[in-house]
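What follows is the residue order along each chain.
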Amino acid sequence: MSERLFTPAEVDRLIPRLTELMEAAQERHRQALALQERLREDRARVAASGGERIDSREWKARAERLDGLGIEVRQLLQEIAGMGGVIKDLEMGLVDFPGRGPAETGGATVNLCWKLGEDAVLFWHGMNEGYANRKPLP
């Protein structure tokens, strides 16, 4: 976790880039899941047929593309982490940033919680809480 504590305004300034990165990571992740399923189906078909031959070059190319997609997703998420964000859920597009809580927390460190599609950071939750416990920022 970042040592830095963010203000909501600081997170808001990051949202255009966060949106780009998260959308790209989600798209690569979807592509990887589809490719992984296709490879799984190929393996099952080969096993069911008792060793049916497949185009090994094509299969290897798909396997290498799957590896490449995994690398791309990790790089995109590392860039978000480098900005100070903690990815909580890739599929939902959830990213937390440590910040000072509202007065009701006594200024405790909390997570400023952003979700892909939100134009600003609007919610927070305690450090040991998650998305279900989001509370509106004052």
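Treat the numbers as computed from the prediction; the structure is a model and nothing was measured.

(A) A look at the overall build of the chain. Each helix and strand counted, the chain has two helices and five strands in total. Each helix and strand of the chain, placed in order from N terminus to C terminus, yields the pattern α-α-β-β-β-β-β. In terms of overall size, the chain is more extended than a compact globule, its C-alpha atoms giving a radius of gyration of 20 Å where 138 residues would be expected to give roughly 14 Å. Dimensions along the principal axes, computed over C-alpha positions, put the chain at roughly 65 × 25 × 25 Å. Going through the 138 residues of the chain one by one, you find that 33% of them count as buried. A fraction of 44% describes how many contacts in the chain between residues 6 or more apart in sequence connect residues 24 or more apart. A total accessible area of about 8,200 Å² is found for the chain, and carbon and sulfur atoms account for 51% of it.

(B) The side chain of Asn111, seen in detail. Among the secondary structure elements, Asn111 is positioned in strand β3 (residues 109–115). On the basis of relative accessibility, which here comes to 4%, the residue Asn111 falls in the buried class. Apart from the residues within four sequence positions on either side, Asn111 is in contact with Asp96, Phe97, Pro98, Phe123, Trp124, His125, Gly126 and Met127.

(C) A look at the sheet that holds β3. Across the sheet, five strands lie side by side as β1-β2-β3-β4-β5; this open sheet has antiparallel pairing. Edge positions in the sheet fall to β1 (86–89) and β5 (135–136), since each has one partner strand and no second. In this structure, β3 lies alongside strand β4 (residues 123–126), joined through four bridges in antiparallel fashion. Opposite Cys113, over in β4, you have Phe123 as the bridge partner.

The rules we used
Residues numbered from 1 in each chain as written. Predicted model: local features only at pLDDT ≥ 70, side-chain atom pairs only at ≥ 80, totals over all residues. Heavy atoms only, no water. Helix = DSSP H or I, 4+ residues; strand = E, 2+ residues; numbered from the N terminus. Rg over C-alpha atoms; globule rule 2.2 N^0.38 Å. Buried < 20%, exposed > 50% of the residue type's maximum accessible area, 1.4 Å probe, protein only. Contact = heavy atoms within 4.5 Å. Areas by Shrake-Rupley, 256 points an atom, 1.4 Å probe, with all protein chains shown as cover. Pairing = 2+ DSSP bridges.

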